[in-house]
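Letter by letter, the chains look like this.
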Amino acid sequence: MSVPYETAAYEPPDPPESPEEHLTRLLGRALNSFELPDEAIRRLDCALAYDGSLYSAHHSAGLHRETYRHTWLLADGSALTLWELVHNTAPGSEPQHELYVDEEELRTATSRLPLPPDASDFELPVVVQLPPVPAPRHVYVPDGSADHARRLLRRAENTDRPGSETARLLATAFAYQITQAFGRPSRAGRPALCFSLYEHAFLLRDGREVSLWEVEHTATPDGRHVCEVYVTEDAAREAMERRATQVP
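Values in this document were obtained by computation on a predicted structure and should not be read as measured data.

How each quantity is defined
Residues numbered from 1 in each chain as written. Predicted model: local features only at pLDDT ≥ 70, side-chain atom pairs only at ≥ 80, totals over all residues. Heavy atoms only, no water. Buried < 20%, exposed > 50% of the residue type's maximum accessible area, 1.4 Å probe, protein only. Helix = DSSP H or I, 4+ residues; strand = E, 2+ residues; numbered from the N terminus. Pairing = 2+ DSSP bridges. Polar contact = N/O pair within 3.5 Å; in protein donor to acceptor, adjacent residues only side chain to side chain. Phe/Tyr/Trp six-rings, centres within 6.5 Å; stacked < 30°, edge-to-face > 60°. pLDDT = per-residue confidence, 0-100. Contact = heavy atoms within 4.5 Å. Salt bridge = Lys/Arg side-chain N within 4 Å of Asp/Glu carboxyl O.

Undergrad: Tell me about the pairing of strand E7 (residues 195-204), and name the residues and values.
TA: The buried count for E7 comes to 10 of 10 residues, which makes it a mostly enclosed element. Here E7 shows no split at all, with Phe195, Leu197, Glu199, Ala201 and Leu203 on one side and Ser196, Tyr198, His200, Phe202 and Leu204 on the other all buried. Judged from the nine bridges that link them, E7 and strand E8 (residues 209-217) form a sheet pairing that is antiparallel. Residue pairing in the sheet places Leu203 in a bridge with Glu209 of E8. The turn linking E7 back onto E8 is made up of four residues, and Gly207 within it adopts a positive phi angle of 95°.

Undergrad: For the side chain of Ser56, give the residues involved together with the corresponding values.
TA: With respect to the secondary-structure elements, Ser56 resides in strand E1 (residues 47-60). Ser56 gets classed as buried once you look at its relative accessible area, which sits at 5%. Separated by 3.1 Å, the side chains of Ser56 and Arg65 make a polar contact. Reaching out from Ser56, the side chain makes a polar contact with the side chain of Thr67 at a distance of 2.7 Å.

Undergrad: Tell me about the packing of aromatic side chains, residues and numbers included.
TA: Counting across every chain of the model gives three aromatic pairs. Note on Tyr55 and Trp83: the rings are 5.0 Å apart at their centroids and 70° apart in plane angle, and the pair reads as edge-to-face. Remark: Trp83 occurs in strand E3 (residues 79-87) and Tyr55 occurs in strand E1; sequence separation between them is 28 residues. Given the relative accessible area of 13%, Tyr55 is considered buried. Judged by relative accessible area, which is 4%, Trp83 ranks as buried.

Undergrad: So what about the confidence of the model for the protein chain? Which residues, and what values?
TA: This prediction gives the protein chain a mean pLDDT of 79; 78% of its residues lie at or above 70. Every residue in residues 1-13 scores below 50 in pLDDT, and together they form zero contacts with partners more than four places removed in sequence or on other chains. Counting contacts from residues 183-189, a segment whose pLDDT is below 50, to residues more than four positions away or on other chains yields 16 contacts.

Undergrad: Can you tell me about the pattern of salt bridges, naming the residues and giving the values?
TA: This structure, assessed with the given rule, holds 10 salt bridges. Residues Arg224 and Glu157 are paired through a salt bridge, measuring 3.1 Å at the closest nitrogen-oxygen approach. Linking Arg224 in the loop between E8 and strand E9 (226-230) with Glu157 in the loop between helix H4 (145-155) and helix H5 (164-170), this pair joins segments that are 67 residues apart in sequence. Taken together, the shared-partner salt bridges in this structure form one network comprising Asp147, Arg150 and Arg151.

Undergrad: Describe the environment of Pro95, with residues and values.
TA: Relative to the assigned elements, Pro95 resides in the loop between E3 and strand E4 (96-100). Relative accessible area serves as the criterion here: at 45%, Pro95 is assigned to the partly exposed category. Spatially, the C-alpha atom of Pro95 lies 9.1 Å from that of His64, the residues being 31 residues apart in sequence.

Okay, here's the thing in structure tokens:
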């Protein structure tokens, strides 16, 4: 005989916080967040990954103090750390949170807390475990990247240009760089015929780098300037060679 039973509905785990969400939460609870340098906050807008850990702590006679190390990996491959001081030494014993950009400021703030002078700490070794995000190959401009990608794809005239999947991927771009990869100003007998090749490199929110290759040329019957876009450099170079031989 079977026995009826109830099963709880499955609830998927909450997704991990993004680097931006970690920063927003820290700034929201820190009493001195308005004192942090604007430059540090601007740099953290381009964070790719985050790691946080307890650094040291003290507990004595109902008072406690902990310090945490919060580190972000930035788009240029460098790292930026904020130090969080948490204590309950203020009137009312409510936990107070403070943020500092370097250890010297942290030590100064800690020394002002009304803790016993002979209070001993336990200190943990600092082990920063940021996800393995490779350093970017380019120096990016973090401005209008997704819009730049849309304009580039919109003006491409080749029928084999990147499709909707590439467009959706580049909608997550937040920085880009344009580099002239190859140029050929003229062809024998046709001085007005010219080719140029540009790499449009995009940095995505997850740290990936995606490049589109733009060919600009006048290899048209009427000499009109044309833009074509390809997903690989090889495809772009093959198109340049093909266009150069097709025009009489």
